[in-house]
4 protein chains.
Amino acid sequence: MQQISLGSLNYEFNRFQEPCVRISSGETIRVESEDALSGQIRKADDLRDKSTVPFSNPLTGPIFIKQAEPGDTLSIKIETIESRDGQCATYTGNPKQLCQWLGTDVPSGAHVCPIRDGFVYWSDEIKIPYQPMLGCIGTTPAYGMPSTMPAGPHGGNMDVREVTEGNTLYLPGFVSGALLYLGDAHAAMGQGELSATGLEMAAQTTLTIELIKQKMISGPRIESSDELITVSSGTPMERATADAFAQLILWMEADYGWNRWRAYDLLTHVAEISMGYYEGGGLAVKIAKEYVAHPS
Amino acid sequence: MQQISLGSLNYEFNRFQEPCVRISSGETIRVESEDALSGQIRKADDLRDKSTVPFSNPLTGPIFIKQAEPGDTLSIKIETIESRDGQCATYTGNPKQLCQWLGTDVPSGAHVCPIRDGFVYWSDEIKIPYQPMLGCIGTTPAYGMPSTMPAGPHGGNMDVREVTEGNTLYLPGFVSGALLYLGDAHAAMGQGELSATGLEMAAQTTLTIELIKQKMISGPRIESSDELITVSSGTPMERATADAFAQLILWMEADYGWNRWRAYDLLTHVAEISMGYYEGGGLAVKIAKEYVAHPS
Amino acid sequence: MQQISLGSLNYEFNRFQEPCVRISSGETIRVESEDALSGQIRKADDLRDKSTVPFSNPLTGPIFIKQAEPGDTLSIKIETIESRDGQCATYTGNPKQLCQWLGTDVPSGAHVCPIRDGFVYWSDEIKIPYQPMLGCIGTTPAYGMPSTMPAGPHGGNMDVREVTEGNTLYLPGFVSGALLYLGDAHAAMGQGELSATGLEMAAQTTLTIELIKQKMISGPRIESSDELITVSSGTPMERATADAFAQLILWMEADYGWNRWRAYDLLTHVAEISMGYYEGGGLAVKIAKEYVAHPS
Amino acid sequence: MQQISLGSLNYEFNRFQEPCVRISSGETIRVESEDALSGQIRKADDLRDKSTVPFSNPLTGPIFIKQAEPGDTLSIKIETIESRDGQCATYTGNPKQLCQWLGTDVPSGAHVCPIRDGFVYWSDEIKIPYQPMLGCIGTTPAYGMPSTMPAGPHGGNMDVREVTEGNTLYLPGFVSGALLYLGDAHAAMGQGELSATGLEMAAQTTLTIELIKQKMISGPRIESSDELITVSSGTPMERATADAFAQLILWMEADYGWNRWRAYDLLTHVAEISMGYYEGGGLAVKIAKEYVAHPS
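Residues numbered from 1 in each chain as written. Chains lettered and ligands numbered in written order. Predicted model: local features only at pLDDT ≥ 70, side-chain atom pairs only at ≥ 80, totals over all residues. Heavy atoms only, no water.

Our focus in this paragraph is the overall build of chain A. The number of helices and strands found in chain A is four helices and 20 strands. Against the globule reference of 19 Å for 296 residues, chain A gives a C-alpha radius of gyration of 19 Å, in line with a compact fold. Evaluated residue by residue, chain A yields a buried proportion of 65% over its 296 residues. Considering only contacts in chain A between residues 6 or more positions apart, those separated by 24 or more positions represent 77%. Carbon and sulfur atoms provide 47% of the accessible area of chain A, an area that totals close to 9700 Å². Looking at charge distribution, chain A has the averaged site of its 22 positive side-chain charges lying 4 Å from that of its 36 negative ones. (Helix = DSSP H or I, 4+ residues; strand = E, 2+ residues; numbered from the N terminus. Rg over C-alpha atoms; globule rule 2.2 N^0.38 Å. Buried < 20%, exposed > 50% of the residue type's maximum accessible area, 1.4 Å probe, protein only. Contact = heavy atoms within 4.5 Å. Areas by Shrake-Rupley, 256 points an atom, 1.4 Å probe, with all protein chains shown as cover. Lys, Arg positive; Asp, Glu negative; His and termini not counted. Charge placed at Lys NZ, Arg CZ, Asp CG, Glu CD.)

This is the structure we're talking about:
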């Protein structure tokens, strides 16, 4: 298996950047990534110094998938997401809209949490199950080079928990080679990602990437062992929710033979929703495959 | 146990209405309610006729809780929610924002689904687990008599799945007797309640209501066996999410000894979110009690 | 001309309330109203005491219009809006979402401003042109008794500047007599009504009310000497904007012979927008009558 | 005066692109730009062919301002905006959220409108005053290369009418030379830019650009002869409105000696708002300089 070591820290989905590796469809690779804080917080007293590193979410890449052309889709099976140093870091950020209720006297200072035995040790008494996910992963658009902050049709900083071990992420290819980037692993993440800073983790991720030729999708899709999932992004969240539902319905119609209005009705009763960062991250809508298997 | 039979169908939280019953704190009662379609859809060919019944979500009530005064809180333990006639009904409504992607040629016509053996039979092949909830339940505000369509600090049409068997809902009391109304049971509900019409069910609900004197809460709270939950409502959803998080943090601070900024940090990593109707229903934010038990 | 003196202070659009007056279509009346602060701030040292008056926007009414039935429309020509005591009051409220940028150390304390010679004297150096408007005016819904805080299809707390002298407001009638309430005059108002507390003024308003039988409108409309205006409300503002545009297009189609898609195109180039309170007040979309006169 | 002829059509704010010209602070230049439809619609029968030109809003640039460094501000006085061929074009696009009320049967087909004698001739009977503005103008970010579709702190596709003749636009400089791009002139534009396609015009714009060294601003500002204006963007619009107000208050505080809470109060009574494209364009908040001159 090919190992992609941590190279430059990249803060954009940059179609001009030289690929760090070229792989063939079907290959499994292991990719190292830095944490979202660019590794500035490793010990309890470390500070996030934005004067030296103003950006967040450094990614590893781009990974060039041979024979990928605009109009193809990438299938990205996430095999494992492992911590590289047995710990993760977070800090309490700007309360933004919550200052109306909580005030603004938020303490500064970072917080390093050990990871062991399947748990993140947030405090002496509180351990959080290790449920790793990738906050930021995406293909590279043909124009409008997004930074690693927003989410969009290319994926990007979706911050949804479903980009996790065992699931397959589908992303549209916009340029030759598709140019995949990834990073911003979290050791665990709450829905809504309230403070915008998760349990940020230097990681190595094992992925199997396959190319689906001449299949266009309008945005990110995820398949777990038992669910179909679409991800939309942007605000207001009412729009993202409507869009994610519409894309899921169109997927059920195109690939599974559903009547769109029957799918619309069924989703009303059985959909699940997973929220990424609540001010513009991904919004995932899900349906169990068990239902999808019986088109109506 | 006192049985509250179906009486008038009420479409408002009306502080002028004569109570249908007066109960004491600690009583368990069984309450019949009509379905959200006012019972107009009972057979396959029935139509929802808005000329005769323009409103939705008829409620049973008001239930007067003796000694309840403004500034008290109601604790409402939902014991069971049972179907009264072994079926539920739905229909495909206006696609609203989704028409941009799906068009507007939605078929009319209702759809009756049998309930048996713990499942709702949505089609010959698709059965949905019976997971009943109350879409609309609330106390009566002291002014501004809400209809049964919006949600708010009084509860109302929250449409969140957590108002379900085994959970305890807390609602602020605004008037003498608190004047509780309830109805709009769903046999199951997807997150986001896409079409706004769930699996609407005539129900009987068994509840135990206790009065907590001189405890003010700012809006609905729910306690399950293992979670604390706050519910906010209104749009844009970014605001409702921020509000629900803030209320949960303030609850952890006031009742469990948490530092608000530590709670803010922890929720970033462990919160769960449950969405009601995506255009203005309730938005529930949750944390496991296991975490809350260890204030930091 | 009939004079309606200040009577009870009403904080709801209450269909059960006894009319304060009954008038015939075509009558001109003069209506006294209290300021939005319920008259608590009259001198520099006065305080807004919410323990005695928890509500805002007291209205005068309801005015019963004889022969008005559900499905009719009221035409309300606003002749003049005059200060009753030559002054207005405001105070600096909660910065809400702005605390993210400004902090929360907002000073308390009210501020009384004299009105004379066509100006409001906000400070020694700053005088603001007197441009009075009614913040809150509406008919009474058939169900769901709104308080005087939200705006909606019945009008209510729209807070748009176009409800002003010389303009005609159209409101749908929902109950017999229509039951009009009005108040919350502002001596002037900025768009967005940032702090939610305007230059609140005790007023007497002269109106001419006419009944348009069997004409249904979906929400508030305004006609000035040279513009047609629709008002929508609610959040997110993207939805209110879309709704107000759609209602204006449908008005142009129904009453002026426009093709809806031509109107849609034209409005893209010539519409004006006026924003009420930015977190849920009215959003007004306008087109010059000069354009409307030439349907396409 | 230096003339910048139409060169390549640029659809990104691209910090890697070779400048089309280098100018000194204080220079006045004349810049040709293509229309937002990339010139595909010149005659009545022309079609917008997205297969050959998938993008919108081609810009001219980048213009390198000598000695501009990150942390400086550009002052861009817009002298004149002239049509290059005496016409403009539009077409009726997707009704998006309005399909809920209007349906989706929008006709295709473009529409060319002559410009003469100070008017745009939209139809035989309807002429719209020629009030040209630049829809898209911005400096180039240091990372995250935006396309010409969104607006942001760099300016971009703000689509606000205040970017017009006689006004001065201030933009933050992020990279050496600032790298200014501009285009997407409209012959006139309605607030909200309903259909997202204005009266798109090939233009030549005369600008005087001055460099303000070591002055950082957080986003676009505009100064007219009588107003100070801040522009924010993004959705939900409630957030953009709050942000634009906050930035205007901070400007008044920093440059004009205002107490922020006094400014907050005053803006409540005298602010004006101008809306760009209603789903994410710029939102401009304005105050008359006459008021600002008397700090309080």
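Before going further, it helps to spend a moment on the relation of the copies chain B and chain C. With an RMSD of 0.0 Å, chain B superimposes on chain C once it is rotated by 180° and translated 0.0 Å along the axis. This pairing of chains is accounted for by a two-fold axis. Most of the interface of chain B is mirrored in chain C: 100% of its interface residues are interface residues there too. (Least-squares fit on C-alpha atoms with pLDDT ≥ 70 in both.)

End to end, helix H2 (residues 237–256) of chain B covers 27 Å across 20 residues, agreeing with the expected 28 Å (1.5 Å per residue, within 8%). Downstream of H2(B) by a residue or two, B:Gly257 has a phi angle that is positive, lying close to 80°. (Expected span 1.5 Å × (residues − 1).)

Each copy superposes on the other: chain B lies on chain A with an RMSD of 0.0 Å after a rotation of 180° and an axial shift of 0.0 Å. Here 100% of the interface residues in chain B have copies in chain A that are interface residues too; the copies meet face to matching face.

Inspection of the entire model under this criterion finds two disulfides over all chains. Disulfide pairing places A:Cys99 opposite C:Cys99 at an S-S distance of 2.1 Å. Looking along the S-S bond of the A:Cys99-C:Cys99 disulfide, the torsion reads about 90°, which is the right-handed sense. Pair noted here: A:Cys99 is in helix H1 (residues 99–102) and C:Cys99 is in helix H1 (residues 99–102), and the two residues belong to different chains. In this structure, A:Cys99 and C:Cys99 share a single accessibility class: buried. Looking at the unpaired B:Cys136, the closest cysteine sulfur is the one in B:Cys20, lying at 15 Å. Among the cysteines around D:Cys88, which has no disulfide bond, D:Cys113 carries the closest sulfur, lying 4.8 Å off. On the basis of relative accessibility, which here comes to 2%, the residue D:Cys88 falls in the buried class. (Disulfide = S-S within 2.5 Å.)

To continue, consider the side chain of B:Asn57. Residue and element names in this part refer to chain B. You can see Asn57 is positioned in the loop between strand S3 (28–33) and strand S4 (59–65). At 3.0 Å, the side chain of Asn57 forms a polar contact with the backbone oxygen of Thr148. Once you skip the residues sitting within four places of it in the chain, Asn57 turns out to touch Asn10, Tyr11, Ala36, Thr148, Met149, Asn157 and Asp184. (Polar contact = N/O pair within 3.5 Å; in protein donor to acceptor, adjacent residues only side chain to side chain.)

Before going further, it helps to examine the pattern of salt bridges. If charged atoms from side chains of opposite charge come close, those side chains can pair. In this structure the tally under the stated criterion is 62 salt bridges over all chains. With a shortest N-O distance of 3.0 Å, C:Arg42 and C:Glu34 are connected by a salt bridge. Taking the relative accessible area as the measure of exposure, C:Arg42 reaches 27% and is therefore partly exposed. Through salt bridges that share partners, A:Glu34, A:Asp35, A:Arg42 and A:Asp85 make up one connected network. (Salt bridge = Lys/Arg side-chain N within 4 Å of Asp/Glu carboxyl O.)

Right, let's talk about the packing of aromatic side chains for a bit. Inspection of the entire model under this criterion finds 26 aromatic pairs over all chains. Considering the side-chain rings of B:Trp261 and B:Tyr264, the 5.5 Å spacing of their centres and the 90° angle between planes classify their relative orientation as edge-to-face. With B:Trp261 and B:Tyr264 both in helix H3 (residues 260–270) and three residues apart, this pair spans about one turn of that helix. Classification of B:Trp261 by relative accessible area gives buried; the value is 5%. Using a relative accessible area of 1% as the deciding quantity, one classes B:Tyr264 as buried. Three or more aromatic residues joined by ring pairs form one cluster here, namely A:Tyr11, A:Phe55 and D:Tyr143. Note that A:Arg116 overlies the ring of A:Tyr121, its terminal NZ or CZ placed 4.1 Å from the centroid. (Phe/Tyr/Trp six-rings, centres within 6.5 Å; stacked < 30°, edge-to-face > 60°. Lys NZ or Arg CZ within 6 Å of the ring centre and 35° of its normal.)

Turning our attention to the interface of chain B and chain A. Taken together, the contacts link 70 residues of chain B with 70 residues of chain A. Between chain B and chain A the total buried area reaches about 5900 Å² when both faces are included, carbon and sulfur atoms providing 64% of it. For the pair chain B and chain A, the number of links is two salt bridges. One salt bridge connects A:Glu272 with B:Arg161, and the closest N-O pair in it is separated by 2.8 Å. Our count for the chain B to chain A interface comes out at 24 residue pairs in polar contact (both at pLDDT 80 or more). Breaking the side of chain B that touches chain A down by element, the ones donating at least two residues are helix H1 (99–102), strand S9 (127–129), H2, H3 and strand S19 (272–275) of chain B. Ranked by residue count, the leading element in the side of chain B that touches chain A is H2(B), at eleven residues. Along the lines of polarity and charge, the residues of the side of chain B that touches chain A split into 34 nonpolar, 23 polar and 13 charged. (Buried area = accessible area lost by both parts, 1.4 Å probe. Nonpolar A, V, L, I, M, F, W, Y, C, P; charged D, E, K, R; others polar.)

Take the sheet that holds S3(B) next. Either a parallel or an antiparallel arrangement is found when strands of a sheet pair, and the pairing is made through backbone hydrogen bonds. All names here are of chain B. Overall, mixed pairing links the nine strands, which are arranged S1-S3-S16-S5-S13-S17-S18-S20-S19 in an open sheet. What marks the edges here is a single partner per strand, and that holds for strand S1 (2–4) and S19. Averaged over all pairs of adjacent strands, the angle between strand axes in this sheet comes to 25°, irrespective of strand direction. Where S1 meets S3, three bridges bridge the pair, whose relative direction is parallel. Considered in S3, the bridge of Ile4 is made with Val31. Along the sheet, H3 makes contact with S19 and strand S20 (282–288), crossing S20 at roughly 100°. (Pairing = 2+ DSSP bridges. Axes fitted to C-alpha atoms, helices over the stretch in contact; angles between N-to-C directions.)

Taken together, the contact pairs 18 residues of chain B with 18 residues of chain C. Across the chain B to chain C interface the summed buried area is about 1400 Å²; carbon plus sulfur atoms make up 57%. Between the two partners, chain B and chain C, sit four salt bridges. Two residues, B:Glu12 and C:Arg15, come together in a salt bridge whose shortest N-O distance is 2.5 Å. In this structure, the connection of chain B to chain C is made through eight residue pairs in polar contact (both at pLDDT 80 or more). Considered class by class, the residues forming the side of chain B that touches chain C number eight nonpolar, five polar and five charged.

Another aspect to go through is the domain arrangement of chain A. All names here are of chain A. Taken as a whole, chain A is organised into domain 1 (2–212) and domain 2 (226–292). For domain 1 versus domain 2, the distance between C-alpha centres works out to 23 Å. Contact between domain 1 and domain 2 buries roughly 1200 Å² in total, counting both sides, with carbon and sulfur atoms accounting for 52%. Sorting the residues of domain 1 by area buried against domain 2 places Val160, Glu162 and Gly192 first, and these three jointly supply 35% of that buried surface. The tally of links between domain 1 and domain 2 comes to two salt bridges. Two residues, Glu279 and Lys96, come together in a salt bridge whose shortest N-O distance is 3.4 Å. Our enumeration of links across domain 1 and domain 2 arrives at eleven residue pairs in polar contact (both at pLDDT 80 or more). Of the residues in the side of domain 1 that touches domain 2, the class split is seven nonpolar, five polar and five charged. (Domains from an automatic or database assignment.)

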